[in-house]
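Structural characterization, general
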Amino acid sequence: MKIIILGGVAAGAKAAAKARRLLPDAEINLYTDDTHVSYSSCGLPYYIEGNFADYQMLLVRSPEEFEQSGIHIHLRNRAIKILPNSKQVLIEDLSNSRAFLVEYDKLIIATGARPIIPPIKNANLNNIFTLRKIEDGIAIREIAERSKSVAIVGGGYIGIELLEAFTRQNLYSVLIENSPTIMQTFDDDMSELILEQLNVTCSNRFEIFTSETVTEFSGDNTGVKHIRTLSGKEFDVDFVVLCAGATPNVEIAKDAGIEITEMNSGCIC
């Protein structure tokens, strides 16, 4: 049996390991456009905070370790199109732009999600980041080490974790959330408790503005320097991290007419 897995962070890597245990004779190939496989993206804020120096501590299993189990990892290989009628996937090797077809008996789509970029003017300026991959974490940690101030757009899990990380590095941090409270996944009383805890652990090194919407970034050829909100507030910053949520990477499945069953950000067909 030929099993193709698209995506290699949490769901994809776990699916590969499980498939090997259940089907010891299967041919398993995993394709990911990432530069790493099987890593803890949830640990990136703690790497940025400086809790450990080597990002490789986030790696759960290397391609070489997968290979020892007969699982073939293909980094920097992006799935372009699924051809369900012929049971093939069109893959592009990002290192040389070469496209090729691979065949499967079973296909597991575990392409995860990508950060949402809010419709903010000049969001393409340098030093405006999202946090999803290891390279993002490395870049944010490097700029944090030479900066004095940061703006975080979004007050969910990642935004709050980064607020703690930056304040503990003595960066003055401004967090802007368009909802009335931070951590909207919780009830208001829980959000208040989280805010109280932040005031205890990060006192005098941050400000949080709720019911505010960032409308514009401005700067120069070196990067972002200022942010402006809908109510007219303006802040000077050295860099910005957008933490406005994520959207699933399901387009390739929808384009192929595949019915999606959500399961750890993946689907099986």
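For the structure, see preceding data.
Residues numbered from 1 in each chain as written. Predicted model: local features only at pLDDT ≥ 70, side-chain atom pairs only at ≥ 80, totals over all residues. Heavy atoms only, no water.

1. Focus: the pairing of strand 5 (residues 88-93)
Here strand 5 lies mainly inside the structure; five of its six residues are buried. Where strand 4 (residues 77-83) lies against strand 5, six bridges are found, and the strand directions are antiparallel. Opposite R78, over in strand 5, you have E92 as the bridge partner. Where strand 4 folds back onto strand 5 in an antiparallel hairpin, the turn is made up of four residues, including K87, whose phi is positive at roughly 55°. As defined by bridge partners, strand 5 adjoins strand 6 (residues 98-103) across six bridges and the pair is classed as antiparallel. Each bridged residue has a counterpart across the sheet, and for E92 the counterpart in strand 6 is A99. Linking strand 5 to strand 6, which pair antiparallel, is a turn of four residues; within it S97 sits at a positive phi near 60°. (Buried < 20%, exposed > 50% of the residue type's maximum accessible area, 1.4 Å probe, protein only. Helix = DSSP H or I, 4+ residues; strand = E, 2+ residues; numbered from the N terminus. Pairing = 2+ DSSP bridges.)

2. A closer look at a nonpolar patch on the surface
Judged by side-chain polarity, Y157, I158, F186, M190 and L193 come together as a nonpolar surface patch covering roughly 450 Å² of accessible area. Among the elements of the structure, helix 5 (157-168) and helix 6 (188-201) are those that each provide at least two residues to the nonpolar patch. Assignment of secondary structure puts L193 in helix 6. (Patch = residues over 30% accessible without salt bridge, like charges linked within 9 Å, V, L, I, M, F, W, Y side chains within 5 Å. Areas by Shrake-Rupley, 256 points an atom, 1.4 Å probe, with all protein chains shown as cover. Salt bridge = Lys/Arg side-chain N within 4 Å of Asp/Glu carboxyl O.)

3. Focus: the pattern of salt bridges
According to the stated counting rule, one finds ten salt bridges in the structure shown. When the shortest N-O distance is used, the salt bridge between R168 and E49 registers 3.2 Å. Note that R168 is positioned in helix 5 and E49 in helix 2 (residues 44-49), a separation of 119 residues in sequence. Judged by its relative accessible area of 14%, E49 falls in the buried class. Two residues, E145 and R141, come together in a salt bridge whose shortest N-O distance is 3.3 Å. The buried category is assigned to R141, whose relative accessible area is 12%.

4. Quick word on helix 1 (residues 11-22)
Quick reminder: α-helices carry 3.6 residues per turn. Residues three or four places apart thus point the same way. If you check helix 1, its first and last C-alpha atoms are 16 Å apart, about what twelve residues at 1.5 Å a residue would give, namely 16 Å. A11, G12, A13, A15, A16, A17, A19 and R20 are the residues of helix 1 that are buried. Of the surrounding secondary structure, the elements contacted by the buried residues of helix 1 are strand 1 (2-6), strand 2 (27-31), helix 3 (63-68), strand 3 (71-74) and strand 7 (106-109). (Expected span 1.5 Å × (residues − 1). Contact = heavy atoms within 4.5 Å.)

5. Quick look at the packing of aromatic side chains
By the definition in use, this model includes six aromatic pairs. Considering the side-chain rings of Y31 and F100, the 6.5 Å spacing of their centres and the 55° angle between planes classify their relative orientation as tilted. Taken together, the residues span a long stretch of sequence, with Y31 in strand 2 and F100 in strand 6 at a distance of 69 residues. Between F166 and F239 the ring centres are 5.5 Å apart and the planes differ by 85°, which places this aromatic pair in the edge-to-face class. Here F239 lies in strand 16 (residues 239-242) and F166 lies in helix 5, a separation of 73 residues in the sequence. With respect to class, F166 is no different from F239; both count as buried. Put simply, the rings of F129, F166 and F239 pair up and form one aromatic cluster. (Phe/Tyr/Trp six-rings, centres within 6.5 Å; stacked < 30°, edge-to-face > 60°.)

6. Structural notes on the layout of surface pockets
One number sums up the size of the largest pocket: a volume of about 1,300 Å³. Every residue lining the largest pocket is counted, 46 residues in all, and those nearest its centre are T111, G112, A113, R114 and R132. Of all the secondary-structure elements, those providing two or more residues to the lining of the largest pocket are helix 1, helix 2, strand 4, strand 8 (113-115), helix 5 and helix 7 (251-255). When grouped by side-chain class, the residues that make up the lining of the largest pocket number 22 nonpolar, 15 polar and nine charged. (1 Å grid on protein atoms, 1.4 Å probe; cavity = no way out; pocket = protein on both sides within 12 Å on 5 of 7 lines; lining within 4 Å. Points joined across faces, edges and corners; volume = space filled by probe spheres on them. Nonpolar A, V, L, I, M, F, W, Y, C, P; charged D, E, K, R; others polar.)

7. Details of the sheet that holds strand 9 (residues 128-130)
Within the open sheet, the five strands sit side by side as 9-16-10-11-12. Their pairing is parallel. Edge positions in the open sheet fall to strand 9 and strand 12 (206-209), since each of these has one partner strand only. Here the average twist between neighbouring strands, direction ignored, is 20°. As judged from the four bridges shared by strand 10 (residues 149-153) and strand 16, these two strands associate in the parallel manner. From the neighbouring strand, V150 faces strand 16, where its bridge partner is F239. (Axes fitted to C-alpha atoms, helices over the stretch in contact; angles between N-to-C directions.)

Everything listed here is a matter of coordinates, which is why it stays silent on function.
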